[in-house]
Each structure stands twice: as structure tokens, then as C-alpha cells.
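Structural description and commentary
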Amino acid sequence: MIKSLSVLGATGSIGVQALEVARLHNLDVVALTTNTRIDLLENQIREFKPKYAAVADEKAAAELKIKVGDTGTKILSGKEGVKECAALGTEAVLNGIVGIAGLEPTIAAINAGSKIALANKETLVAGGNLVTGLAKEKNVPILPVDSEHSAIFQSLQGCPEHSQIKKLILTASGGPFYGKTKEELKNVSLEAALNHPNWAMGAKITIDSATMMNKGLELIEAAWLFDMTPDKIDILVHRQSVVHSLVEYSDNSVIAQLGVPDMRIPIQYALTYPDRFISPVKELDLAEYATLTFDRPDYDTFKCINYCRKALEKGGLYPAAVNAANEKANELFRKGKIGFWDIPDSVEKALESTINSGTYTLDDVLLTDREIRKQTEAMWS
Ligand code: NDP
Ligand code: MG
């Protein structure tokens, strides 16, 4: 098992659970980062005594410096500070930052040669080609934390040849609005959209689950992680979130990973792979569930999945564009500025924009991200 770890986005849902795993296995936590939540970060600094901590927000960083002046932790600030924490060369870097803000820190961590435990799916959605190419070049493994991708990764253990994989099947809980019609969801409230049936997560991904954009983002993430074309990735609605995803092989044998819905299993596996250790997670008792159900997604109502599939087919910067439109629209919905169905409309507009569909650099990704955010904002003001 790894001994030293940096946790980016330590104050978020994934970050806090990663620190529970670190606590259980006595890992040396070398760096922690946050955006603004310095009260929680202060407690984490006092418990884990990292060498470094970074706060993306400059004002909050200055406040934290004063609060933890009595500790030995060096406080860094801004985007650069977060990147510095990613680039320390610790054995592993767990990236639990939300959104495109996670992309550059992932790249910094790969360049420093750290193993990447990746929760920040936007890293692969927006910068798939760049990030996987760099990881290959530096011989750095990217271990998925996203539960579906961890399930696929686990189901692929022992697969001798990539060509023997016929298809990947991502499961989806269906979110809070499964079975509802477009009309029924027209005036849906933020509160209802934030009420996920199976998972307690950060606000952005919870809204992504309600629109099912999350499954579209995961489709793109899976394509990059496992080198699969979009036509070889299927989606199944599975309400209980017990079967976390499946791999179908050329002989039509299907292998899946199961467990109670708890992110500490995939987080821990990304840190301990290929070994397994005791975990704080409850045993799976299938008899408690009695019935597991599977169904096809309602693609006509939840259009984001197909928009992401199309973005992946178009290639180049299209996935970065749909990601940017979604991030902005998701934020506007959470601020009460647009309606629920304005989110997929924003994503569709990005898909219809004229964008480079060839090779790209990091600067191209960041520029597309900024431009599509502006376009999305202008669409609704
Ligand atoms: P949260 O919103 O709970 O946490 C996000 C973390 O990132 C916080 O520490 C936050 O700081 C920090 N952050 C936010 N914006 C910035 C920024 N601009 N620069 C630097 N740091 C920033 O998100 P989640 O933990 O739910 O999700 C994290 C990632 O993991 C997402 O990509 C999500 O899709 C993915 N994921 C999450 C799952 C879950 O169960 N939560 C499951 C599978 C994937 P602050 O606390 O100050 O806001
Ligand atoms: Mg997931």
C-alpha cells in the first residue's frame, strides 16, 4: 500500500471520505487543498499535520495562515498553490476537486510522477487525450475513484487482452427523477433536484445526476480510461446502486463488481490497488435487497447522455465544450437563475457550436472552457 498521499479537494464529499480511509490505514497525508472552506481545513490540518495546505481563494488563504500559525503546515494560496500541492511527488495524489479546476492539478501530479487516484471526472472529460497521453508518457497509472469506473477496473482484473472486451456497461441510479416526464419536471425545484436517492455527494454532481449529465460525463470518462469507443459503452438504469458496473467479454460472459453504495470502497481500492484491506464499509447483504432491477435509460427525457455521446464521437474539444456548458448551466440552476431543462439546452447549444475537432493543447481546452461558459451565460441573461 502507498504510504504518502496528497488530497486535493480535501473539504469536499470525496476528500472527507478519502481522509477517513487515510486515517484508518495510517497514511502520511502530506498536502491538503480546498477552495474556501477553511474551518474544516483547519481541523484537518490539526489532525493530519500535513507539510503543506493550499487554499484556492486568496482571501481565505490569508485568513487560514493566521489561524494555523501555531502549526508546522505551510499555507499556499491560489490556483498555483493548489498546483504546488499536486506536484510534490507524493506516492499518490487523490483528486477530489470538482469541475475543470481539477484539470491542471491532475496534469501537475502526473508530471511529478505520482499515482493518480482520480475522482475529478472533468479532468478526463475536458482533457482526455492530453491527460491519458501524458500519463502513458510518464508511466503514471490513473486509478479511477468514480464508483462505476472502479467497478469496471475491478471487473477487468485478469483480462489478458483488450480485444477480449466486448462492451462496458455503466450502471446509473436514474437519480431523483427516474420515471418522470419532461412536463412533470418543468418547474422542478433545486431542493428536489438535490435529493438523490442513494448517494450523498457535492451539489454539482448531485444536479448532474438529476439531469443524467453525470452518466454522459462518465461515458466520456470510461472511453478515455479504458480505451473504448462510444458504441462499446452501454448504460443501464439500476435503481439500487448495488451493481456498480459491468464488463461483457467476447464469450458473452459478464463480470460485475457489487457492494453497498459507499464511495469509501472505490476510494480505498484506488489507493491500495492491487491489494485489498479491511474497510469501514458495511458488508453487502443481498437478501436485504431481495430485488435488483435493471432498465434502459429514458434517452428522450434525459437528453444529456446522448449529447455527451455525440461530443465524444465528434472528438477534439467537443467534450470540453459540453463539460463547460454543463458546469455553467449547473451553477446558474443552483443560483436560481435558470430552470432545470435549461441545463440540457445549454449542453446542446455547445454541441452545435463550431469547435476544433482535431488535436488540441491544454491552452486550447482552457480557452474553449472560457468561451463556452461565456456563451452559456449570454444565452440566459
Ligand atoms: P464537493 O463539492 O463536495 O467538493 C469539491 C472540493 O473541491 C472541495 O474541497 C472544494 O473546496 C474544492 N474546490 C471547489 N472548487 C475549487 C477550485 N476552483 N479550486 C480548487 N478547489 C476547488 O464535490 P464532490 O466531492 O462531490 O466531487 C468531487 C469530484 O469527484 C467531482 O468531480 C465529482 O464529479 C467526483 N465524484 C464525486 C462523487 C461523490 O460521491 N461525491 C462520486 C463520484 C465522483 P470547498 O470545500 O472550499 O468548496
Ligand atoms: Mg459515478
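Residues numbered from 1 in each chain as written. Chains lettered and ligands numbered in written order. Predicted model: local features only at pLDDT ≥ 70, side-chain atom pairs only at ≥ 80, totals over all residues. Heavy atoms only, no water.

1. Considering the overall build of the protein
- Along the backbone of the protein there are 16 helices and 11 strands.
- Compactness check: the protein gives a C-alpha radius of gyration of 20 Å against a globular reference of 21 Å for 381 residues, within 12% of the reference.
- The dimensions of the protein, computed from C-alpha atoms along their principal axes, are 55 × 50 × 40 Å.
- Counting only carbon and sulfur atoms, one obtains 49% of the accessible surface of the protein, whose full area is about 16,300 Å².
- Measuring between centres, the 41 positive side-chain charges of the protein sit 2 Å from its 49 negative side-chain charges. (Helix = DSSP H or I, 4+ residues; strand = E, 2+ residues; numbered from the N terminus. Rg over C-alpha atoms; globule rule 2.2 N^0.38 Å. Areas by Shrake-Rupley, 256 points an atom, 1.4 Å probe, with all protein chains shown as cover. Lys, Arg positive; Asp, Glu negative; His and termini not counted. Charge placed at Lys NZ, Arg CZ, Asp CG, Glu CD.)

2. A look at the packing of aromatic side chains
- Overall, the coordinates contain 7 aromatic pairs when judged by the stated rule.
- Taking the centre distance of 5.3 Å and the plane angle of 85 degrees together, the rings of Phe177 and Phe340 count as edge-to-face. Taken together, the residues Phe177 in the loop between strand E8 (165–172) and helix H8 (190–193) and Phe340 in the loop between helix H14 (318–334) and helix H15 (342–352) connect sequence positions 163 residues apart.
- Taken together, a centroid distance of 5.8 Å and an interplanar angle of 65 degrees make the contact between Phe333 and Phe340 edge-to-face. Side by side, Phe333 and Phe340 carry an identical accessibility label, which is buried.
- A cation sits over an aromatic face here: Lys182 above Trp341, 5.4 Å from the ring centre. (Phe/Tyr/Trp six-rings, centres within 6.5 Å; stacked < 30°, edge-to-face > 60°. Buried < 20%, exposed > 50% of the residue type's maximum accessible area, 1.4 Å probe, protein only. Lys NZ or Arg CZ within 6 Å of the ring centre and 35° of its normal.)

3. Description of unusual backbone geometry
- Each neighbour pair has its own omega, and for Tyr273 with Pro274 the value is 5 degrees, a cis peptide bond.
- Mapped onto the secondary structure, Pro274 falls in the loop between helix H11 (264–272) and helix H12 (286–289).
- Residues other than glycine seldom take positive phi values, yet Met212 does so here, at roughly 70 degrees.
- Inspection of the secondary structure assignment puts Met212 in the loop between helix H9 (203–211) and helix H10 (213–226).
- Positive phi values are uncommon outside glycine, yet Ala290 reaches one of about 65 degrees.

4. Considerations on the site of ligand 1
- What surrounds ligand 1 is a group of 24 residues, the closest being Thr11, Thr36, Arg37, Glu122 and Gly202.
- Separating an oxygen atom of ligand 1 from a side-chain N or O atom of Thr11 is a distance of 2.6 Å.
- Note that an oxygen atom of ligand 1 is positioned 3.0 Å from one of the backbone N or O atoms of Asn35.
- Its free accessible area being 900 Å², ligand 1 has 88% of it covered by the protein chains.
- Looking at the shell around ligand 1, the elements that each hand over two or more residues are helix H1 (13–24) and helix H6 (121–138). (Near = heavy atom within 4 Å. Polar contact = N/O pair within 3.5 Å; in protein donor to acceptor, adjacent residues only side chain to side chain.)

5. Some thoughts on the coordination of the magnesium ion (ligand 2)
- Only Asp146 (OD), Glu148 (OE) and Glu218 (OE) from the protein coordinate the magnesium ion (ligand 2), and they sit 2.0 to 2.2 Å from it.
- Each donor residue of the magnesium ion (ligand 2) belongs to the same chain, and together they define the spacing D-x1-E-x69-E. Taken together, the residues span a long stretch of sequence, with Asp146 in the loop between strand E7 (142–144) and helix H7 (147–155) and Glu218 in helix H10 at a distance of 72 residues. Of the two residues, Asp146 and Glu218, neither departs from the other in class, the shared state being buried. (Donors = N, O, S within 2.8 Å, 3.2 Å for Na, K, Ca; no water.)

6. Comments concerning the sheet that holds E8
- The strand order across the open sheet built from 4 strands is E9-E8-E10-E11, with neighbouring strands paired in mixed fashion. Either end of the sheet is taken by a strand with one partner, and the two such strands are strand E9 (233–237) and strand E11 (254–258). Each adjacent strand pair in this sheet contributes to an overall mean axis angle of 20 degrees, direction not counted.
- Of the pairings in the sheet, the one linking strand E10 (residues 243–249) to E11 comprises 5 bridges and is antiparallel in character. By the bridge assignment for E11, Val243 is matched with Leu258. (Pairing = 2+ DSSP bridges. Axes fitted to C-alpha atoms, helices over the stretch in contact; angles between N-to-C directions.)

7. Concerning the side chain of Lys328
- Checked against the element boundaries, Lys328 lands in helix H14.
- Residues contacting Lys328, with those up to four places away along its chain left out, are Arg373, Thr376 and Glu377. (Contact = heavy atoms within 4.5 Å.)

8. What to know about the pattern of salt bridges
- If you walk through the whole model with that rule in mind, you get 26 salt bridges.
- Taking the shortest distance from any N to any O, the salt bridge between Lys204 and Asp208 comes out at 2.8 Å. Here Lys204 pairs with Asp208, and both are found in helix H9, just 4 residues apart, close to one helical turn. The same class applies to Lys204 as to Asp208, namely buried.
- A salt bridge links Glu331 to Lys335, with the shortest nitrogen-to-oxygen separation between them at 2.8 Å.
- The exposure class assigned to Lys335 is exposed, which follows from its relative accessible area of 53%. (Salt bridge = Lys/Arg side-chain N within 4 Å of Asp/Glu carboxyl O.)

9. Some words on a nonpolar patch on the surface
- Together, Met1, Leu24, Phe277 and Ile278 give the surface a local cluster of nonpolar side chains, amounting to about 370 Å² of exposed area.
- With respect to the helices and strands, the residue Phe277 is situated in the loop between H11 and H12.
- Taking relative accessible area as the criterion, Phe277 reaches 38% and is therefore assigned partly exposed. (Patch = residues over 30% accessible without salt bridge, like charges linked within 9 Å, V, L, I, M, F, W, Y side chains within 5 Å.)

10. Quick notes on the sheet that holds strand E1 (residues 4–8)
- Spatial ordering of the open sheet is given by E4-E3-E2-E1-E5-E6-E7, a layout of 7 strands whose pairing is parallel. Every other strand in the sheet has two partners, leaving strand E4 (74–77) and E7 as the edge strands with one partner each. Taken pair by pair, the neighbouring strands of this sheet meet at an average axis angle of 20 degrees, ignoring direction.
- Looking at chain direction, E1 and strand E5 (residues 92–95) are connected through 4 bridges and run parallel. From the neighbouring strand, Leu8 faces E5, where its bridge partner is Asn95.
- Of the strands in this sheet, E1, strand E2 (28–34) and E5 are in contact with H1, which crosses E1 at around 165 degrees.

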